[in-house]
Amino acid sequence: MKPLCLLAAASPDPDDAHVDLVLDPDKLRVDAYLVQGKSASVSQTNENRTPSSYFISHTHYIEVRRRWYNPNKWLRVLAGRLGETLGGRAPRSLTAFATLLAGRKHSASRVEWLAHLAGETGHQLGRQDQIVAALGFVAAAVRFRLEDAADLAWVPVDAVLRSRFLSGIFVTGPVLAVVLAIVHHDGRYGMVLNIQDPFCVGACTWGAIFGLRKYRKVKPPEPKPRRAKG
Amino acid sequence: MTLITMDVLDVVMNAPADDPAWGLRICEESGHGPGSIYPALERMLRFGWLEDSWEEPQPEDRPRRRYYTITSAGRAAYREANAARDARKSASWHLAPRPEGRA
(Lines give C-alpha, C1' and ligand atoms only; values in the text may rest on other atoms or scores of the structure.)
Protein backbone atom coordinates (compact mmCIF):
# COMPACT_ATOMS: atom_id res chain seq x y z
CA MET A 1 0.00 0.00 0.00
CA LYS A 2 2.99 2.36 0.11
CA PRO A 3 2.60 3.58 -3.51
CA LEU A 4 -0.82 4.87 -2.47
CA CYS A 5 0.86 7.39 -0.16
CA LEU A 6 3.31 8.43 -2.83
CA LEU A 7 0.54 8.93 -5.38
CA ALA A 8 -1.57 10.86 -2.88
CA ALA A 9 1.36 13.14 -2.21
CA ALA A 10 2.07 13.60 -5.91
CA SER A 11 -1.48 14.43 -6.93
CA PRO A 12 -1.71 17.45 -9.25
CA ASP A 13 -5.37 18.00 -8.45
CA PRO A 14 -5.86 20.18 -5.37
CA ASP A 15 -9.54 19.21 -5.06
CA ASP A 16 -8.65 15.62 -4.39
CA ALA A 17 -5.68 16.21 -2.11
CA HIS A 18 -7.74 15.89 1.04
CA VAL A 19 -6.52 12.50 2.20
CA ASP A 20 -3.08 12.10 3.62
CA LEU A 21 -2.37 8.48 4.51
CA VAL A 22 0.40 7.33 6.78
CA LEU A 23 0.76 3.57 6.62
CA ASP A 24 2.08 1.29 9.27
CA PRO A 25 2.76 -1.94 7.34
CA ASP A 26 4.14 -3.85 10.34
CA LYS A 27 0.85 -3.65 12.20
CA LEU A 28 -1.23 -3.60 8.98
CA ARG A 29 -2.77 -0.41 10.28
CA VAL A 30 -3.52 2.78 8.47
CA ASP A 31 -3.45 6.15 10.14
CA ALA A 32 -5.60 8.47 8.09
CA TYR A 33 -5.41 12.17 8.65
CA LEU A 34 -8.49 13.78 7.20
CA VAL A 35 -7.65 17.25 6.04
CA GLN A 36 -11.10 18.22 4.83
CA GLY A 37 -13.10 15.44 6.47
CA LYS A 38 -14.42 14.03 3.18
CA SER A 39 -13.44 10.42 3.80
CA ALA A 40 -16.55 9.24 5.59
CA SER A 41 -15.84 5.56 5.14
CA VAL A 42 -12.73 5.60 7.28
CA SER A 43 -13.94 4.40 10.64
CA GLN A 44 -12.38 4.60 14.04
CA THR A 45 -12.45 1.04 15.31
CA ASN A 46 -11.32 1.50 18.87
CA GLU A 47 -12.32 4.34 21.15
CA ASN A 48 -9.11 4.03 23.11
CA ARG A 49 -6.99 4.84 20.11
CA THR A 50 -5.52 8.23 19.60
CA PRO A 51 -7.84 10.43 17.51
CA SER A 52 -5.63 10.14 14.44
CA SER A 53 -5.53 6.30 14.37
CA TYR A 54 -7.97 4.56 12.09
CA PHE A 55 -8.35 1.26 10.38
CA ILE A 56 -9.02 1.83 6.72
CA SER A 57 -11.93 -0.20 5.38
CA HIS A 58 -11.46 -2.22 2.21
CA THR A 59 -14.16 -0.16 0.48
CA HIS A 60 -12.30 2.99 1.30
CA TYR A 61 -9.03 1.49 0.13
CA ILE A 62 -10.64 0.63 -3.22
CA GLU A 63 -12.15 4.10 -3.42
CA VAL A 64 -8.83 5.82 -2.75
CA ARG A 65 -7.03 3.48 -5.13
CA ARG A 66 -9.55 4.27 -7.86
CA ARG A 67 -9.10 7.95 -7.23
CA TRP A 68 -5.33 7.90 -7.51
CA TYR A 69 -4.84 5.12 -10.02
CA ASN A 70 -7.47 6.50 -12.38
CA PRO A 71 -5.64 6.65 -15.72
CA ASN A 72 -8.23 8.96 -17.29
CA LYS A 73 -7.47 11.62 -14.72
CA TRP A 74 -3.73 11.49 -15.37
CA LEU A 75 -4.44 11.44 -19.11
CA ARG A 76 -6.44 14.67 -18.75
CA VAL A 77 -3.61 16.31 -16.83
CA LEU A 78 -1.18 15.24 -19.58
CA ALA A 79 -3.63 16.48 -22.23
CA GLY A 80 -3.77 19.87 -20.50
CA ARG A 81 0.02 20.15 -20.47
CA LEU A 82 0.28 19.06 -24.12
CA GLY A 83 -2.44 21.51 -25.10
CA GLU A 84 -0.45 24.32 -23.51
CA THR A 85 2.76 23.23 -25.23
CA LEU A 86 1.48 22.42 -28.72
CA GLY A 87 -1.34 24.95 -28.92
CA GLY A 88 -4.35 24.47 -31.21
CA ARG A 89 -2.72 21.88 -33.45
CA ALA A 90 -2.11 19.37 -30.65
CA PRO A 91 -4.80 16.79 -31.61
CA ARG A 92 -3.85 16.73 -35.30
CA SER A 93 -0.11 16.64 -34.55
CA LEU A 94 -0.59 13.75 -32.14
CA THR A 95 -2.78 11.91 -34.66
CA ALA A 96 -0.15 12.38 -37.38
CA PHE A 97 2.48 11.07 -34.96
CA ALA A 98 0.26 8.08 -34.12
CA THR A 99 -0.20 7.34 -37.85
CA LEU A 100 3.57 7.41 -38.35
CA LEU A 101 4.05 5.16 -35.34
CA ALA A 102 1.41 2.68 -36.51
CA GLY A 103 3.20 2.16 -39.82
CA ARG A 104 2.13 1.62 -43.40
CA LYS A 105 0.14 -1.51 -42.58
CA HIS A 106 -2.31 0.57 -40.53
CA SER A 107 -2.32 3.68 -42.72
CA ALA A 108 -6.13 3.47 -43.07
CA SER A 109 -6.37 4.30 -39.39
CA ARG A 110 -5.43 7.92 -40.11
CA VAL A 111 -8.73 8.74 -41.83
CA GLU A 112 -10.62 6.79 -39.19
CA TRP A 113 -8.91 8.67 -36.36
CA LEU A 114 -9.49 12.06 -38.03
CA ALA A 115 -13.19 11.17 -38.34
CA HIS A 116 -13.13 10.27 -34.63
CA LEU A 117 -11.70 13.73 -33.81
CA ALA A 118 -14.34 15.42 -35.96
CA GLY A 119 -17.07 13.92 -33.75
CA GLU A 120 -20.65 13.74 -34.92
CA THR A 121 -23.38 16.26 -35.56
CA GLY A 122 -24.58 17.73 -32.31
CA HIS A 123 -21.77 16.11 -30.39
CA GLN A 124 -18.43 17.71 -31.16
CA LEU A 125 -15.44 16.78 -29.02
CA GLY A 126 -13.98 19.58 -26.91
CA ARG A 127 -10.33 20.46 -27.36
CA GLN A 128 -9.18 18.58 -24.28
CA ASP A 129 -11.27 15.54 -25.27
CA GLN A 130 -9.64 15.67 -28.69
CA ILE A 131 -6.17 15.66 -27.11
CA VAL A 132 -7.15 12.76 -24.82
CA ALA A 133 -8.47 10.85 -27.87
CA ALA A 134 -5.28 11.64 -29.81
CA LEU A 135 -3.20 10.30 -26.91
CA GLY A 136 -5.34 7.18 -27.13
CA PHE A 137 -4.46 6.92 -30.85
CA VAL A 138 -0.77 7.06 -29.91
CA ALA A 139 -1.35 4.25 -27.39
CA ALA A 140 -3.25 2.28 -30.06
CA ALA A 141 -0.39 2.79 -32.53
CA VAL A 142 2.11 1.47 -29.97
CA ARG A 143 -0.08 -1.58 -29.46
CA PHE A 144 -0.37 -2.11 -33.23
CA ARG A 145 3.41 -2.09 -33.45
CA LEU A 146 3.82 -4.47 -30.53
CA GLU A 147 1.24 -6.86 -31.99
CA ASP A 148 2.95 -6.71 -35.40
CA ALA A 149 6.29 -7.45 -33.73
CA ALA A 150 4.76 -10.37 -31.82
CA ASP A 151 3.23 -11.73 -35.05
CA LEU A 152 6.63 -11.50 -36.72
CA ALA A 153 8.28 -13.29 -33.81
CA TRP A 154 5.78 -16.16 -34.04
CA VAL A 155 6.48 -16.79 -37.75
CA PRO A 156 9.56 -19.05 -37.25
CA VAL A 157 7.92 -20.76 -34.27
CA ASP A 158 4.81 -21.50 -36.34
CA ALA A 159 6.99 -22.84 -39.16
CA VAL A 160 8.59 -25.30 -36.74
CA LEU A 161 5.23 -26.28 -35.26
CA ARG A 162 3.66 -26.88 -38.69
CA SER A 163 6.45 -29.14 -39.89
CA ARG A 164 6.82 -32.65 -38.47
CA PHE A 165 10.43 -32.77 -39.61
CA LEU A 166 11.46 -29.50 -37.89
CA SER A 167 9.52 -30.39 -34.73
CA GLY A 168 11.33 -33.74 -34.71
CA ILE A 169 14.69 -31.95 -34.96
CA PHE A 170 13.72 -29.70 -32.04
CA VAL A 171 12.93 -32.77 -29.93
CA THR A 172 15.79 -35.05 -30.92
CA GLY A 173 18.44 -32.27 -31.12
CA PRO A 174 18.51 -31.45 -27.39
CA VAL A 175 18.23 -35.16 -26.49
CA LEU A 176 21.26 -36.01 -28.64
CA ALA A 177 23.15 -33.03 -27.20
CA VAL A 178 22.50 -34.26 -23.64
CA VAL A 179 23.51 -37.84 -24.56
CA LEU A 180 26.76 -36.61 -26.12
CA ALA A 181 27.50 -34.36 -23.12
CA ILE A 182 26.98 -37.25 -20.68
CA VAL A 183 29.10 -39.66 -22.74
CA HIS A 184 31.81 -37.01 -23.12
CA HIS A 185 31.99 -36.22 -19.40
CA ASP A 186 31.18 -39.53 -17.70
CA GLY A 187 31.66 -42.17 -20.39
CA ARG A 188 29.26 -44.96 -21.26
CA TYR A 189 28.86 -45.96 -17.63
CA GLY A 190 27.72 -42.39 -16.87
CA MET A 191 25.14 -42.80 -19.60
CA VAL A 192 23.71 -45.79 -17.74
CA LEU A 193 23.59 -43.81 -14.49
CA ASN A 194 22.04 -40.68 -16.06
CA ILE A 195 19.67 -42.34 -18.49
CA GLN A 196 16.76 -40.30 -17.06
CA ASP A 197 18.27 -36.97 -18.22
CA PRO A 198 17.82 -37.39 -21.99
CA PHE A 199 14.33 -38.78 -21.37
CA CYS A 200 13.44 -35.70 -19.31
CA VAL A 201 14.81 -33.31 -21.93
CA GLY A 202 12.92 -35.15 -24.68
CA ALA A 203 9.69 -35.15 -22.69
CA CYS A 204 10.03 -31.43 -21.92
CA THR A 205 10.71 -30.38 -25.53
CA TRP A 206 7.94 -32.64 -26.84
CA GLY A 207 5.57 -31.22 -24.20
CA ALA A 208 6.56 -27.66 -25.16
CA ILE A 209 5.88 -28.36 -28.84
CA PHE A 210 2.57 -30.07 -28.03
CA GLY A 211 1.51 -27.15 -25.79
CA LEU A 212 2.55 -24.52 -28.33
CA ARG A 213 0.61 -26.33 -31.07
CA LYS A 214 -2.49 -26.19 -28.89
CA TYR A 215 -1.88 -22.54 -27.97
CA ARG A 216 -1.24 -21.41 -31.53
CA LYS A 217 -3.94 -23.73 -32.92
CA VAL A 218 -1.46 -25.17 -35.40
CA LYS A 219 -1.91 -28.65 -36.77
CA PRO A 220 0.98 -30.51 -38.37
CA PRO A 221 0.22 -32.27 -41.66
CA GLU A 222 -0.98 -35.85 -41.43
CA PRO A 223 1.85 -38.36 -41.98
CA LYS A 224 1.94 -39.80 -45.49
CA PRO A 225 0.56 -43.34 -45.73
CA ARG A 226 3.28 -45.91 -46.26
CA ARG A 227 3.28 -47.74 -49.57
CA ALA A 228 2.15 -51.31 -49.39
CA LYS A 229 4.87 -53.74 -50.33
CA GLY A 230 4.37 -55.68 -53.52
CA MET B 1 -12.63 -13.39 -24.72
CA THR B 2 -11.61 -10.22 -22.91
CA LEU B 3 -14.01 -7.71 -21.39
CA ILE B 4 -13.17 -5.11 -24.03
CA THR B 5 -13.87 -7.58 -26.83
CA MET B 6 -17.23 -8.46 -25.28
CA ASP B 7 -18.13 -4.78 -24.84
CA VAL B 8 -17.17 -3.95 -28.43
CA LEU B 9 -19.19 -6.87 -29.77
CA ASP B 10 -22.11 -5.74 -27.59
CA VAL B 11 -22.06 -2.27 -29.14
CA VAL B 12 -21.58 -3.50 -32.72
CA MET B 13 -24.37 -6.07 -32.38
CA ASN B 14 -26.83 -3.57 -30.95
CA ALA B 15 -26.15 -0.88 -33.58
CA PRO B 16 -29.00 -0.41 -36.08
CA ALA B 17 -28.35 -1.62 -39.62
CA ASP B 18 -28.90 1.85 -41.14
CA ASP B 19 -26.49 3.50 -38.68
CA PRO B 20 -23.65 1.05 -38.00
CA ALA B 21 -21.11 1.44 -35.21
CA TRP B 22 -17.90 3.39 -35.77
CA GLY B 23 -14.86 4.33 -33.67
CA LEU B 24 -16.11 7.25 -31.58
CA ARG B 25 -19.50 5.69 -30.94
CA ILE B 26 -17.95 2.38 -29.89
CA CYS B 27 -15.62 4.24 -27.50
CA GLU B 28 -18.48 6.19 -25.95
CA GLU B 29 -20.96 3.34 -25.66
CA SER B 30 -18.46 0.80 -24.37
CA GLY B 31 -16.77 3.23 -21.97
CA HIS B 32 -13.25 2.27 -23.07
CA GLY B 33 -10.66 4.63 -24.55
CA PRO B 34 -9.42 4.62 -28.15
CA GLY B 35 -6.10 3.16 -26.99
CA SER B 36 -7.88 -0.13 -26.22
CA ILE B 37 -10.75 -0.02 -28.70
CA TYR B 38 -8.84 0.35 -31.99
CA PRO B 39 -6.41 -2.54 -31.35
CA ALA B 40 -9.39 -4.69 -30.29
CA LEU B 41 -11.26 -3.78 -33.50
CA GLU B 42 -8.17 -4.59 -35.56
CA ARG B 43 -7.83 -7.97 -33.85
CA MET B 44 -11.49 -8.80 -34.42
CA LEU B 45 -11.21 -7.86 -38.10
CA ARG B 46 -8.26 -10.23 -38.35
CA PHE B 47 -10.22 -13.05 -36.69
CA GLY B 48 -13.09 -12.46 -39.12
CA TRP B 49 -15.53 -11.52 -36.34
CA LEU B 50 -16.14 -8.04 -37.78
CA GLU B 51 -16.35 -6.55 -41.24
CA ASP B 52 -15.46 -2.97 -42.05
CA SER B 53 -16.74 -0.57 -44.68
CA TRP B 54 -16.11 3.09 -45.40
CA GLU B 55 -18.79 5.71 -45.32
CA GLU B 56 -20.30 6.38 -48.74
CA PRO B 57 -20.49 8.96 -50.22
CA GLN B 58 -17.54 10.95 -48.93
CA PRO B 59 -18.87 13.82 -46.76
CA GLU B 60 -17.54 17.26 -47.61
CA ASP B 61 -17.06 18.68 -44.14
CA ARG B 62 -15.22 15.82 -42.41
CA PRO B 63 -13.22 12.65 -43.08
CA ARG B 64 -15.00 9.39 -43.87
CA ARG B 65 -16.00 7.10 -41.04
CA ARG B 66 -15.10 3.44 -40.90
CA TYR B 67 -18.15 1.36 -40.04
CA TYR B 68 -18.01 -2.03 -38.36
CA THR B 69 -20.58 -4.81 -38.67
CA ILE B 70 -20.57 -8.20 -37.03
CA THR B 71 -20.18 -11.42 -39.03
CA SER B 72 -21.77 -14.80 -38.36
CA ALA B 73 -18.42 -16.02 -36.95
CA GLY B 74 -18.45 -13.03 -34.56
CA ARG B 75 -22.00 -13.82 -33.45
CA ALA B 76 -21.07 -17.44 -32.82
CA ALA B 77 -17.97 -16.44 -30.82
CA TYR B 78 -20.02 -13.94 -28.80
CA ARG B 79 -22.70 -16.52 -28.01
CA GLU B 80 -20.05 -19.06 -27.02
CA ALA B 81 -18.25 -16.58 -24.76
CA ASN B 82 -21.54 -15.50 -23.15
CA ALA B 83 -22.49 -19.12 -22.47
CA ALA B 84 -19.05 -19.82 -20.96
CA ARG B 85 -19.34 -16.72 -18.77
CA ASP B 86 -22.81 -17.71 -17.56
CA ALA B 87 -21.57 -21.21 -16.79
CA ARG B 88 -18.65 -19.79 -14.80
CA LYS B 89 -20.97 -17.47 -12.89
CA SER B 90 -23.44 -20.19 -11.99
CA ALA B 91 -20.60 -22.51 -10.98
CA SER B 92 -19.07 -19.98 -8.62
CA TRP B 93 -22.11 -18.34 -7.05
CA HIS B 94 -24.83 -20.98 -6.78
CA LEU B 95 -24.85 -23.17 -3.71
CA ALA B 96 -25.39 -26.86 -4.24
CA PRO B 97 -28.97 -27.90 -3.35
CA ARG B 98 -29.34 -29.37 0.11
CA PRO B 99 -29.74 -33.16 -0.03
CA GLU B 100 -33.28 -34.29 0.76
CA GLY B 101 -33.97 -35.77 4.16
CA ARG B 102 -31.38 -33.63 5.97
CA ALA B 103 -32.32 -30.88 8.38
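How each quantity is defined
Residues numbered from 1 in each chain as written. Chains lettered and ligands numbered in written order. Predicted model: local features only at pLDDT ≥ 70, side-chain atom pairs only at ≥ 80, totals over all residues. Heavy atoms only, no water. Helix = DSSP H or I, 4+ residues; strand = E, 2+ residues; numbered from the N terminus. Buried < 20%, exposed > 50% of the residue type's maximum accessible area, 1.4 Å probe, protein only. Contact = heavy atoms within 4.5 Å. Pairing = 2+ DSSP bridges. Axes fitted to C-alpha atoms, helices over the stretch in contact; angles between N-to-C directions. Salt bridge = Lys/Arg side-chain N within 4 Å of Asp/Glu carboxyl O. Patch = residues over 30% accessible without salt bridge, like charges linked within 9 Å, V, L, I, M, F, W, Y side chains within 5 Å. Areas by Shrake-Rupley, 256 points an atom, 1.4 Å probe, with all protein chains shown as cover. 1 Å grid on protein atoms, 1.4 Å probe; cavity = no way out; pocket = protein on both sides within 12 Å on 5 of 7 lines; lining within 4 Å. Points joined across faces, edges and corners; volume = space filled by probe spheres on them. pLDDT = per-residue confidence, 0-100. Parallel < 35°, antiparallel > 145°, perpendicular 65-115°, else oblique. Left-handed = near helix turned anticlockwise from the far one by under 90°. Nonpolar A, V, L, I, M, F, W, Y, C, P; charged D, E, K, R; others polar. Buried area = accessible area lost by both parts, 1.4 Å probe. Polar contact = N/O pair within 3.5 Å; in protein donor to acceptor, adjacent residues only side chain to side chain. Core = buried A, V, L, I, M, F, W, Y, C linked by side-chain atoms within 4.5 Å.

**Digging into the overall build of chain A**
Okay, step 1: Of regular secondary structure, chain A possesses eight helices and two strands.
Okay, step 2: Secondary structure elements in chain A, listed N-terminal to C-terminal, are α-β-β-α-α-α-α-α-α-α.
Okay, step 3: Buried positions account for 31% of the 230 residues belonging to chain A.
Okay, step 4: Of the contacts formed within chain A by residues at least 6 apart in sequence, a portion of 56% connects residues at least 24 apart.

**Observations concerning the sheet that holds strand S3 (residues 66–70) of chain B**
Residues and elements named next belong to chain B.
Okay, step 1: Taken together, the three strands give an open sheet; going across it, the order is S1-S3-S2, and neighbouring strands pair in antiparallel fashion. Single-partner strands in this sheet number two, and they are strand S1 (21–22) and strand S2 (50–54).
Okay, step 2: Relative to S3, S1 runs antiparallel, the two sharing two bridges. In the sheet register, alanine 21 faces S3, and the bridge partner there is tyrosine 68.
Okay, step 3: Lying on the sheet, helix H1 (residues 3–14) is in contact with S1, S2 and S3; it crosses S3 at an angle near 95°.

**Looking at the pattern of salt bridges**
Okay, step 1: For the structure on display, the rule yields 10 salt bridges over all chains.
Okay, step 2: B:Arg43 is the partner of A:Glu147 in a salt bridge, and the nearest nitrogen-oxygen pair spans 2.7 Å. Of the two residues, A:Glu147 is situated in helix H6 (residues 127–162) and B:Arg43 in helix H3 (residues 34–47); the pairing between them involves two chains.
Okay, step 3: Measuring nitrogen to oxygen at the nearest pair gives 2.8 Å for the salt bridge that ties B:Glu55 to B:Arg62.

**Here's the deal with the environment of A:Phe97**
Residues and elements named next belong to chain A.
Okay, step 1: Within the fold, phenylalanine 97 resides in helix H4 (residues 90–102).
Okay, step 2: Overall, phenylalanine 97 belongs to the partly exposed group, its relative accessible area being 43%.
Okay, step 3: As a C-alpha pair, phenylalanine 97 and phenylalanine 137 span 40 residues in sequence and 9.1 Å in three-dimensional space.

**Examining a nonpolar patch on the surface**
Okay, step 1: There is a patch of nonpolar side chains on the surface, built from A:Phe165, A:Leu166, A:Ile169 and A:Phe170 and spanning about 410 Å² of accessible area.
Okay, step 2: Inspection of the secondary structure assignment puts A:Ile169 in helix H7 (residues 164–193).

**Section: the layout of surface pockets**
Okay, step 1: Empty space within the second largest pocket amounts to approximately 450 Å³.
Okay, step 2: In this structure, the second largest pocket is lined by A:Ala150, A:Asp151, A:Trp154, A:Lys214, A:Tyr215, A:Arg216, A:Lys217, B:Arg46, B:Phe47 and B:Trp49.
Okay, step 3: At the level of secondary structure, the elements contributing two or more residues to the lining of the second largest pocket comprise H6 and helix H8 (196–216) of chain A together with H3 of chain B.

**Topic: the confidence of the model for chain A**
All names here are of chain A.
Okay, step 1: Confidence along chain A averages 74 in pLDDT terms, with 65% of residues attaining 70 or more.
Okay, step 2: Of all helices and strands in chain A, the one with the weakest mean pLDDT is helix H1 (residues 2–9) (39), whereas H8 scores best (93).
Okay, step 3: In the model, residues 1–55 has pLDDT below 50 throughout and makes 88 contacts with residues more than four positions away in sequence or in other chains.

**Points about the packing of helix H5 (residues 109–118) of chain A against H6(A)**
Packed helices, taken two at a time, are described by the angle between their axes plus the distance between the axes.
All names here are of chain A.
Okay, step 1: Interaxial distance between H5 and H6 falls to 10 Å at its minimum, and their mutual angle equals 160°. The pairing of H5 with H6 is recorded here as roughly antiparallel in orientation. Along this stretch, H5 crosses H6, giving a crossing that reads as right-handed. Each of Ser109, Trp113, His116 and Leu117 in H5 lies in contact with H6, whose residues at this interface are Gln130, Ala133, Ala134, Phe137, Ala140, Ala141 and Phe144.
Okay, step 2: Along the lines of polarity and charge, the residues of the contact of H5 with H6 split into eight nonpolar, three polar and no charged.

**Here's the deal with the interface of chain A and chain B**
Okay, step 1: With 22 residues of chain A at the interface, the matching set in chain B holds 21 residues.
Okay, step 2: Roughly 1900 Å² is buried in total at the junction of chain A and chain B, and carbon and sulfur atoms are behind 58% of that figure.
Okay, step 3: Summed over the three residues of chain A that lose the most area to chain B, namely A:Glu112, A:His116 and A:Glu120, the buried surface amounts to 31% of that side.
Okay, step 4: At the boundary of chain A with chain B, the tally comes to four salt bridges.
Okay, step 5: Note that B:Arg25 and A:Glu120 form a salt bridge whose closest N and O atoms lie 3.2 Å from each other.
Okay, step 6: Across the contact surface, chain A and chain B share 10 residue pairs in polar contact (both at pLDDT 80 or more).
Okay, step 7: Among the elements that line the side of chain A that touches chain B, the one with the most residues is H6(A), at nine residues.
Okay, step 8: Classifying every residue of the side of chain A that touches chain B by side-chain character gives 12 nonpolar, five polar and five charged.

**Things to note about the nonpolar core**
Okay, step 1: Ranked by internal contacts, the top residues of the largest apolar core, which has 39 residues, are A:Trp113, A:Phe137, B:Ile26, B:Leu41 and B:Leu50.
Okay, step 2: Looking at this core, the elements that each hand over two or more residues are H4, H5 and H6 of chain A together with H1, helix H2 (23–30), H3, S3 and helix H4 (72–93) of chain B.
Okay, step 3: Those residues in contact with B:Leu50 that sit more than four places away from it in its chain are B:Leu9, B:Val12, B:Leu41, B:Met44, B:Leu45, B:Tyr68, B:Thr69, B:Ile70 and B:Thr71.

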